[in-house]
Amino acid sequence: MYRETPHPIFLHDYQPPEFLIDRVDLAFELDPEQTMVTARLELRRNPAATRGDGTVCLHGEQLELEWIALDGHPLNPVDYRVERESLTVQRVPDRFVLETQVRIHPAHNTALEGLYQSGDMLCTQCEAEGFRRITYFLDRPDVMARYSATLIADKTRFPVLLSNGNRVASDDLDDGRHRVRWEDPFPKPSYLFALVAGDLRAVEDSFTTASGREVALQIFVEPHNLDKCDHAMRSLKKAMRWDEERFGREYDLDIFMIVAVSHFNMGAMENKGLNIFNDKFVLARPDTATDVDFDGIESVIAHEYFHNWTGNRITCRDWFQLSLKEGFTVYRDQEFTADVASRGVKRISDVRVLRSHQFTEDASPMAHPVRPDSYIEINNFYTATVYQKGAEVVRMQANLLGPEVFRRATDLYFARHDGQAVTTDDFVRCMEDASGRDLSQFRRWYEQAGTPELHIQTSYDEATRTCSLIVRQHTEPTPGQPVKAPFHLPLAIGLLGPDGRDLPLRLAGASSPDAPGTHVLELRQAVETFHFVDLPARPVPSLLRGFSAPVKLSFDCTDDDLLFLMAHDSDGFNRWDAAQTLMQRLLLNLVEDAEAGIPESFFDAFRRALRDEASDRALLAEVLTLPAESYLGEQMAVVDVDGIHRARTTLTRLIGERLRDDLLAVYRDNGESGPYAFTPEAVGRRALKNLALGYLMQAEDAEALARCQAQFAGAHNMTDVMAALRLLVDRGGLESRQALDEFYRRWSGESLVLDKWFSVQATSPREETLTQVIQLMRHPDFSLGHPNRVRSLVSAFCNLNQVRFHAADGAGYRFLADRVLELDPLNPLIASRLVKSLIRWRRFDPGRQALMRAEIARILEREDISKDVFEVASKALDAG
Ligand code: TRP
Ligand code: ZN
């Protein structure tokens, strides 16, 4: 067991810092084996502090203290105390300068927090609490300081030396080293500090801000990647313009830098003026990256750039407020993508992510509010709830206020809190002050965990020509929150007439009818009833249009209603959702009864959709995609792993057989013409074509196999190559082996492409996949020290391959626990994320439950597991 049980930190224990730091001057003598860090901190007692005992206690981990001085005088060992995670200095004045020098070891830093080595470069990752692995500091976001950084390193190994802000001086030293000094004029919390040293090249461009200032843009990469930065640079400029237009936010420094790094725990990091990225979210060429990759790059570049205002200029008071910056910034990047690509498709893909990641988290032992009230390890709370549900909570406020008032509210937020470290409550108060609305009940979205369930009963009364809706909301208990109060939420609805058009909606008692279209009802009570009058016939309701609130909706409707909505709903999201609900019904029937038939009306609807020349290809591809196995599992009382796989395979095959000619026609009509373009139109065509090919391949169509092989061999873009490879691998046999070997030969020098080679094998539903994955762990290109590679093989297998990971013999679970135990001493953040694949054990049958629990228990038995893994594993076993 854990040597000592780690203690949780509580929101209600928040205290303002006893000291503030105004200035920080850092000097680094950089070397991978050992780096010397000298820090000069100007501290003063915080006038707002509520306590203080004449000592100052700084955070610090894995630092070797070389010397320490206060106001220029070296301290005696009796004047200070060094512990495992802190440095305490006794008897300090109200204002003083503290100087320290520490030694750290970047090449041995496998956790990738603080200063570490990635390939031949050195870089930092300080969020959330990594700065304390660089120097002793008050490493909390409500301590904001002005920084300078002097970087000294060997000039041939590290010709490029970067940090936040502006480069103010540089010179060569006599010993082959050089020195560069950076100054950041904006006060910032320590988690936004960054430095990079390496032999890097930059792609350069510039941007003129709305007020006419010229900003230099630089993307730094290793020399061989210079030809993969165009898309990232284009995305950056688009994002900068969009933020000016949509939110009135201009960039504030004269230079903005992005560095692509191969070893990175997460997606990217918004350090002030010097964003550091997982190279997966920078590097792309049409032949190396798929449409999904291009899309990811555009939105992550935008996300990190947008943090400059939502996160950096205005930051979080404490880490419980993480969604203040993350939820809001995800909302902003989602809106950006909706504006520059396709709003309808974007909403669908965001809701897919929300349902598959956040709803499942809310139903798990790790369920927590958007603003959590306790944590053991903050790294465990960079979650779908904080990010994606947080974005939905901002979106609901934007929709409740309407676009003009919401813009006034965000303007107020930026004006009122610029330069401050604030709370989600401060954000909501700006929404209230700008709109005059009372959002006190709405605040429950930040406080209560769990996904609300809406049950809606509709009825139509011919005599009074009235359609009534009874809306009930209920939220299941979550750990620590047995009883939930009702939420304030917007419910967007429409009523469709017999011709499929929106009817004018008039609430009983309202004087004039609304125009036909969507009406937003605001719910506040556990049960509410609405009567719509003057309706000539029974309408078909279209509920929760655009997914107006992050809830689970159930309402009684027939398959025919769903087909009707799928064909006619004016709301694109609900057309898709109706199709998904219908397919889900058919599939769950097939799970229950393998002989259950598929009604002819379903194939007819599918065929009509395929033949509709006018429709948006991308949207059509979404509509015609069957729900994922994991999503189907969520809809069952007990996940029937094998039944779901069998049912989904069967329906895929039936579609391929029954609609063969239409699918082949769609495949041919949507072939590539001309060079690759990343436009919504071209992306949609590729998605639809490859979806059609997938159905045909499942039907074991000979022509499809020939076309798939030709596509694999001949396509010039990675989207089409990967789609074909995926299908060949899932089919198995000689063609699969040959394709994999050829792909490896062609791409073994490109790490990001090689990740795809690993994950296409890890996610195949074939019986032998786990055996294959275990073999791939021994492949010379596999390394546990490389998070992208671990994600591409281990996480891909555990999270994206329900049928093999959840094999009834528990081999998948054993495999996972072994990997967690191997990884934890190296990189606890990555290990802990893996444990999350086991925590939903209650959703499975008793046999699997026992196997999963046994593996969690085995992880907990290991002495000295990290706080990260301890928190997830112990919550998995305690809750309930
Ligand atoms: N703030 C980053 C973002 O844009 C998240 C992040 C990057 C992060 N690296 C991290 C969080 C390391 C924790 C640890 O979302
Ligand atoms: Zn972020």
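Criteria and thresholds
Residues numbered from 1 in each chain as written. Chains lettered and ligands numbered in written order. Predicted model: local features only at pLDDT ≥ 70, side-chain atom pairs only at ≥ 80, totals over all residues. Heavy atoms only, no water. Helix = DSSP H or I, 4+ residues; strand = E, 2+ residues; numbered from the N terminus. Rg over C-alpha atoms; globule rule 2.2 N^0.38 Å. Buried < 20%, exposed > 50% of the residue type's maximum accessible area, 1.4 Å probe, protein only. Contact = heavy atoms within 4.5 Å. Lys, Arg positive; Asp, Glu negative; His and termini not counted. Charge placed at Lys NZ, Arg CZ, Asp CG, Glu CD. Phe/Tyr/Trp six-rings, centres within 6.5 Å; stacked < 30°, edge-to-face > 60°. Lys NZ or Arg CZ within 6 Å of the ring centre and 35° of its normal. Donors = N, O, S within 2.8 Å, 3.2 Å for Na, K, Ca; no water. Tetrahedral: all angles 85-135°; square planar, octahedral: opposite > 155°, others 65-115°. Pairing = 2+ DSSP bridges. Near = heavy atom within 4 Å. Polar contact = N/O pair within 3.5 Å; in protein donor to acceptor, adjacent residues only side chain to side chain. Areas by Shrake-Rupley, 256 points an atom, 1.4 Å probe, with all protein chains shown as cover. Axes fitted to C-alpha atoms, helices over the stretch in contact; angles between N-to-C directions. Parallel < 35°, antiparallel > 145°, perpendicular 65-115°, else oblique. Left-handed = near helix turned anticlockwise from the far one by under 90°. Nonpolar A, V, L, I, M, F, W, Y, C, P; charged D, E, K, R; others polar.

Chemist: Please explain the overall build of the protein chain as it appears in this structure.
Modeler: Scanning the protein chain from terminus to terminus reveals 27 helices and 31 strands. Computed over its C-alpha atoms, the radius of gyration of the protein chain comes to 28 Å, within 12% of the 29 Å expected for a compact globule of 880 residues. If you line up the protein chain on its principal axes, its C-alpha atoms span 90 × 70 × 60 Å. The burial tally for the protein chain puts 59% of its 880 residues in the buried class. Once local pairs closer than 6 in sequence are excluded, the contacts in the protein chain between residues at least 24 apart make up 71%. Taking the average place of the 102 positive charges on the side chains of the protein chain and the average place of its 134 negative ones, the gap between the two points comes to 1 Å.

Chemist: Whenever I open this one, the environment of Arg 51 confuses me. Can you help?
Modeler: Structurally, the position occupied by Arg 51 is in the loop between strand 3 (35-45) and strand 4 (56-59). Overall, Arg 51 belongs to the exposed group, its relative accessible area being 53%. It is 9.1 Å that separates the C-alpha atoms of Arg 51 and Pro 16, two residues lying 35 residues apart in sequence.

Chemist: How should the packing of aromatic side chains be read in this particular structure?
Modeler: What describes a pair of aromatic rings is the distance from one ring centre to the other and the angle between the planes of the rings. Enumeration according to the criterion identifies 44 aromatic pairs in this entry. When the ring of Trp 242 is compared with that of Phe 306, the centres are 5.2 Å apart and the planes differ by 35°; the resulting orientation is tilted. Here the residue Trp 242 occupies a position in helix 1 (residues 230-247), and Phe 306 occupies one in helix 2 (residues 291-306), the gap between them amounting to 64 residues. Taken as a pair, Trp 242 and Phe 306 share a single burial class, namely buried. In this structure, Lys 272 is placed above the aromatic ring of Phe 186, and the distance from its NZ or CZ to the ring centre is 4.3 Å. Positioned over the ring face of Phe 247 is Arg 332, at 4.8 Å from the centre of the ring.

Chemist: Hey, could you run me through the coordination of the zinc ion (ligand 2) in this one?
Modeler: Each pair of donors in an ideal four-coordinate tetrahedral metal site encloses 109.5 degrees, whereas pairs in an ideal six-coordinate octahedral site enclose 90 or 180 degrees. The coordination sphere of the zinc ion (ligand 2), as far as protein atoms go, consists of His 303 (NE2), His 307 (NE2), Glu 326 (OE) and Glu 326 (OE), spread over 1.9 to 2.7 Å. Coordination at the zinc ion (ligand 2) is irregular, judged from the 6 donor atoms that bind it and the angles of 49 to 160° they form at the metal. All donor residues of the zinc ion (ligand 2) come from one chain, and their arrangement in sequence is H-x3-H-x18-E. Of this pair, His 307 sits in the loop between helix 2 and strand 22 (315-316) while Glu 326 sits in helix 3 (residues 322-340), placing them 19 residues apart in sequence.

Chemist: Whenever I open this one, the pairing of strand 12 (residues 145-154) confuses me. Can you help?
Modeler: Looking down a regular strand, the side chains alternate between one sheet face and the other. The buried fraction of strand 12 amounts to 8 of the 10 residues, a majority that puts the element mostly inside the structure. Across 7 bridges, the pairing between strand 2 (residues 19-29) and strand 12 is parallel. Bridging across to strand 12, Val 24 finds its partner in Tyr 147.

Chemist: Mind showing me how you'd approach the site of ligand 1 here?
Modeler: Every one of the 15 residues lining ligand 1 counts as a neighbour, but Glu 127, Ala 268, Glu 270, Glu 304 and Tyr 387 are closest to it. Contacts to ligand 1 include His 307, whose side-chain N or O atom sits 3.4 Å from an oxygen atom. The contact in question runs from a nitrogen atom of ligand 1 to an N or O atom on the side chain of Lys 325, over 3.4 Å. In the complex, 97% of the free accessible area of ligand 1, which totals 370 Å², lies under the protein chains.

Chemist: So what exactly am I meant to see when it comes to the packing of helix 11 (residues 600-611) against helix 15 (residues 660-669) here?
Modeler: Packed helices, taken two at a time, are described by the angle their axes make and the gap between the axes. At a minimum axis distance of 10 Å, the contact between helix 11 and helix 15 shows a crossing angle of 25°. Looking at the two axes, helix 11 sits roughly parallel to helix 15. As for the relative orientation of helix 11 and helix 15, their crossing is left-handed in sense. For the pair helix 11 and helix 15, contact is made by Arg 607, Leu 610 and Arg 611 and by Asp 662, Leu 663 and Val 666, respectively. Split into classes, the residues belonging to the contact of helix 11 with helix 15 amount to 3 nonpolar, no polar and 3 charged.

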